[in-house]
Amino acid sequence: MFLPFFYELRRRGVKVGAQEALALAGALKAGLHDSSLDGFYHVARALLVHSETQLDSFDQAFLSHFQGVETAGLELTQELMSWLEEARDRPRLTPEELALLEALDPEEIRRLFEERLREQKERHDGGNRWIGTGGTSPFGNNGFARGGMRVGGKAGGKQGMAMMQAGARRYAGYRDDLVLDTRQLAVALRKLRAFARDGAPDELDIDESISATARNAGELEVVTRPPRRPNTRVVLAMDVGGSMDPYAAVMSRLFSVASQATHFKELRIYYFHNCVYGKLYATPQLTGGMTVPELVAQVGRHHKLVMVGDASMAPYELAIRTDAEGRYKADGQEGLTWLMQLAQHFERNVWLNPEPMGSWRSGSIAMIAQVFPMFSLTVEGLGEAVAHLTRGRTVKGAAARR
Amino acid sequence: MTPAPPSVRFRGTDSYLTHEGLQAAVNCALTLQRPLLVKGEPGTGKTLLAEAIAQALGHTLLTWHVKSTTRAQDGLYVYDTVQRLYDSRFGDGDVRDIRRYIRMGPLGEAFSAPERVVLLIDEVDKADLEFPNDLLHELDRMRFRVTETNDEVAAKHRPIVVITSNNEKELPDAFLRRCVFHFIDFPDAELMRRIVDVHHPGLDAALADQALKVFYELRGFTRLRKRPSTSELIDWIAVLKAQGVSDLKLDENLPFLGALLKKEQDLVSVAEAFGRGRRTRA
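Residues numbered from 1 in each chain as written. Chains lettered and ligands numbered in written order. Predicted model: local features only at pLDDT ≥ 70, side-chain atom pairs only at ≥ 80, totals over all residues. Heavy atoms only, no water.

Asks: Explanation requested: the overall build of chain B in the structure shown.
Replies: Check the secondary structure of chain B and you find 11 helices and 9 strands. When each of the 282 residues of chain B is scored for burial, the buried share is 50%. (Helix = DSSP H or I, 4+ residues; strand = E, 2+ residues; numbered from the N terminus. Buried < 20%, exposed > 50% of the residue type's maximum accessible area, 1.4 Å probe, protein only.)

Written as structure tokens, this is what we have:
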């Protein structure tokens, strides 16, 4: 019965499924909605929506499914006014009525109408009195009859309330289509964690305590050990600007997830433009930072290196020779050599590429994929990359699998 | 496990005012026997809801405050090995009975309670990313097994579970699907007036009007990092009452602003806004 509504919800991105449908059916069977559309609105919202970011979508779906006139509530005043204008010409209105009509300003009419709606809701059980059907009220109730019908549809006042409520779209501010699923990324990154026992011994080692106590002929011997602490150290280097601009959104999501992750012992984030020319920068504006030889001297081989970039550039850009400060120098190292130096230092390294995989076969991407194992920057690719990072030693150069 | 009689309906309590949406959500949770997940701005009464439900339905309230180090296992039971080791050393009690060293956590306590209870799992988002997933089965089936003794703890009466979240972490879909969800809106002025009346009966009407007006104007400031919410308003009025303040105006020397604004920058930005005689509104 409500199945079309469910598909309407799904179309709008509220992922309802069989479980929600059954729950709603159960609630309706138990009579939780008090046989009213208003009650149904609240019950359905509680059961079908799981996040405040979906409330607005739900309201819209509700409106379009149960009424199809999203703006009825908002245009009401306008509608009424225009009809009231028309009503003035009607001969059967007494001069007194006309005078009253003119005395009412739109605000007043709206207030009265809402009052009427509320009143109607309380008395609704008695029958199917529609708003303004009588049309005898001194403030020109025929006008409300039309407005009321438009808003209320077939069932009258109560329906009007739910529509008004959904129509108000109070949750529009909570819509957050921009925060796509960072949880998925966080979960993928989470697999990178590894633990090591480190620091002060303040955790009880039960097995050791028991065996020590036994060896001690029953005399209690408490053995403690250092607690497990995260032991993953990560160096994250991101390509910024130029050809990476279209991927800014996904990059910032990756960045926010990585910097929020609490399970890394150390996380260094660097930036580069296009290709690494001797220097990795501390800011996206390419300032600060340190040179590749400095970085290699500072961090150990066991750091995990994650390069992120589209790896797309003109072939000559890979061959530009620079010194460690990034200045052009005829006897400097080529860009590709700098990359190789990084890849050789870090035992485990990956390159995440937001470009579609189909374009990886040629050009500079193919060349860089010879140096770094390349994975696509998607939730799936990130999972594969993390699996690669946590696996044992890899043979460099031959690691480019795709 | 008998389903709750359909006549059990939650309508709020004398001191906890609700509206239809919240009542519908609570009643869905009661009837369908699913956990109720409550989100909303801090200070809108998420935690108090559990107390209100317990009070209205006459059940005991068990609370499980989740912290960043909380593991799902802690909520079920804890096996106190240290105590057992000590007892074995000093010969206190019967160490052969492992059951004496199994301590039930809040969830275990709720399951084994002889009558229906309300269980509040407070601030579920504070815990580890995997925490909600680890509780899926237990919340679904309302039973778990103590591995040390192989005893099964099954709920005689499914507890009414209320879970609150401050949205610090996203919750997994599988977890969300099992919950009835409600987002507590910020109360409008009318409801807020009633809430204030409930908490401060006999408050001077003029003062209440002024306080509310100032409060909503402050909330309208776009530059605030942390907007004041219901609980702050209640506290603020309590202070005003205690100090005998009778006249309020929104200007630079608003009394006891610290009760409303909790961040240094917010106090500064409000002061600046008045200092320059210019107001940044939403």
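Resuming the write-up.
Asks: How do you make sense of a nonpolar patch on the surface when you look at a structure like this?
Replies: Among the surface-exposed residues, V222 of chain A together with V82, Y86 and F90 of chain B lie close enough to one another that they form a single nonpolar patch of about 350 Å² accessible area. Mapped onto the elements of the fold, V222 of chain A is located in the loop between α11 (206-215) and β3 (224-225). (Patch = residues over 30% accessible without salt bridge, like charges linked within 9 Å, V, L, I, M, F, W, Y side chains within 5 Å. Areas by Shrake-Rupley, 256 points an atom, 1.4 Å probe, with all protein chains shown as cover. Salt bridge = Lys/Arg side-chain N within 4 Å of Asp/Glu carboxyl O.)

Asks: For this particular structure, what's the right way to read the packing of helix α3 (residues 37-48) of chain A against helix α4 (residues 55-66) of chain A?
Replies: In helix packing, the relevant descriptors are the interaxial angle and the interaxial distance, both defined with respect to the helix axes. All names here are of chain A. Packing of α3 against α4 brings their axes to within 11 Å, and their N-to-C directions diverge by 140°. Considering the angle they form, α3 stands oblique to α4. α4 is crossed by α3, and the crossing has right-handed handedness. Along its contact with α3, which presents L37, F40, Y41, A44, R45 and L48, the element α4 presents L55, F58, D59, F62 and F66. (Axes fitted to C-alpha atoms, helices over the stretch in contact; angles between N-to-C directions. Parallel < 35°, antiparallel > 145°, perpendicular 65-115°, else oblique. Left-handed = near helix turned anticlockwise from the far one by under 90°. Contact = heavy atoms within 4.5 Å.)

Asks: Just checking my understanding: could you explain the interface of chain A and chain B for this structure?
Replies: For an interface, size is often stated in terms of accessible area lost upon the parts coming together. Listed as interface residues are 42 residues of chain A and, on the opposing side, 34 residues of chain B. When the two sides are added together, the surface that chain A and chain B hide from each other amounts to roughly 3,200 Å², 55% of it contributed by carbon and sulfur. At the surface where chain A touches chain B, the tally comes to 1 salt bridge. Among the ionic pairs, R177 of chain B bridges to E20 of chain A, the shortest N-O distance being 2.5 Å. The interface formed by chain A and chain B contains 4 residue pairs in polar contact (both at pLDDT 80 or more). Going through the elements one at a time, α2 (18-29), α3, α10 (182-190) and α11 of chain A are the ones with two or more residues in the side of chain A that touches chain B. Partitioned by chemical class, the residues of the side of chain A that touches chain B number 20 nonpolar, 10 polar and 12 charged. (Buried area = accessible area lost by both parts, 1.4 Å probe. Polar contact = N/O pair within 3.5 Å; in protein donor to acceptor, adjacent residues only side chain to side chain. Nonpolar A, V, L, I, M, F, W, Y, C, P; charged D, E, K, R; others polar.)

Asks: What is the right way to look at unusual backbone geometry in this model?
Replies: All names here are of chain B. One non-glycine residue, Q33, lies in positive phi territory at about 55°. In this structure, Q33 sits in the loop between α1 (20-32) and β1 (36-40). By relative accessible area, which is 16% here, Q33 ends up buried.

Asks: Would you mind showing me how to read the packing of aromatic side chains here?
Replies: Applying the stated criterion across every chain yields a total of 15 aromatic pairs over all chains. Ring centres of F5 of chain A and F40 of chain A lie 6.4 Å apart, and the angle between their planes is 50°; on these two criteria the pair is classed as tilted. Of this pair, F5 of chain A sits in helix α1 (residues 3-11) while F40 of chain A is found in helix α3, placing the two residues 35 residues apart along the sequence. Each ring, one from F186 of chain B and one from F215 of chain B, has its centre 6.0 Å from the other, and the planes form 25°; the classification is stacked. Pair noted here: F186 of chain B is in the loop between β9 (180-184) and α8 (189-199) and F215 of chain B is in helix α9 (residues 205-220), with a separation of 29 residues, a long-range link. Across the pair, exposure class does not vary: F186 of chain B and F215 of chain B are buried alike. One aromatic cluster in this structure is built from F5, F40, Y41, F58 and F62 of chain A. Here R219 of chain B stacks its cationic end above the ring of F186 of chain B, 3.4 Å away from the centre of that ring. (Phe/Tyr/Trp six-rings, centres within 6.5 Å; stacked < 30°, edge-to-face > 60°. Lys NZ or Arg CZ within 6 Å of the ring centre and 35° of its normal.)

Asks: Where do I start with the sheet that holds strand β13 (residues 374-376) of chain A in this structure?
Replies: The pairing of strands in a sheet happens through backbone hydrogen bonds and is either parallel or antiparallel. Residues and elements named next belong to chain A. Strand order in the open sheet formed by 5 strands is β6-β5-β9-β12-β13, and the pairing between neighbours is parallel. Looking along the sheet, the strands with just one partner apiece sit at the ends: β6 (264-272) and β13. Direction aside, neighbouring strands of the sheet carry axes that sit 25° apart on average. Pairing of strand β5 (residues 232-239) with strand β9 (residues 304-308) involves 5 bridges; the strand directions are parallel. Across the sheet, M238 pairs through a bridge with V308, a residue of β9. (Pairing = 2+ DSSP bridges.)

Asks: When you look at the nonpolar core in this model, what are you seeing that I'm missing?
Replies: What tends to happen in soluble globular proteins is that the nonpolar side chains get buried as a cluster. By size, the foremost hydrophobic cluster in this structure holds 81 residues, and its most contacted members are L24, L48 and F58 of chain A together with L49, I53 and I163 of chain B. Counting residues per element, this core draws most heavily on α3 of chain A, at 8 residues. Residues within four places of L48 of chain A in sequence aside, it is in contact with F5, F6, L9, V14, V16, E20, L24 and F58 of chain A. One finds F272, V276, M307 and A311 of chain A within the second-largest nonpolar core, a separate group that totals 32 residues. (Core = buried A, V, L, I, M, F, W, Y, C linked by side-chain atoms within 4.5 Å.)

Asks: Is there a simple way to think about helix α17 (residues 379-390) of chain A in this case?
Replies: In an α-helix, one full turn covers 3.6 residues, which means residues spaced three or four apart are oriented alike. The end-to-end C-alpha distance of α17 of chain A, which contains 12 residues, comes to 17 Å, matching closely the 16 Å that a straight helix rising 1.5 Å per residue would cover. All of the buried residues in α17 of chain A are G381, L382, G383, A385, V386, H388 and L389 of chain A. (Expected span 1.5 Å × (residues − 1).)

Asks: Explain the sheet that holds strand β5 (residues 117-122) of chain B to me, please; I cannot follow it from the model alone.
Replies: Residue and element names in this part refer to chain B. Taken together, 5 strands build an open sheet; the order of strands is β2-β5-β8-β1-β9 and the sheet is parallel. The open sheet has two free edges, formed respectively by β2 (60-65) and β9, since each of these has just one partner strand. Strand-to-strand, the axes of this sheet are offset by a mean angle of 20°, without reference to chain direction. As defined by bridge partners, β1 adjoins strand β8 (residues 160-165) across 4 bridges and the pair is classed as parallel. If you follow L37 over to β8, its bridge partner there is I163. α1 contacts β1, β8 and β9 of the sheet and is inclined by roughly 160° relative to β9. Where helix α2 (residues 46-57) meets the sheet, it contacts β1, β2, β5, β8 and β9, and its direction lies at approximately 165° from that of β8.

Scope: geometric values only; no functional claims are made or implied.
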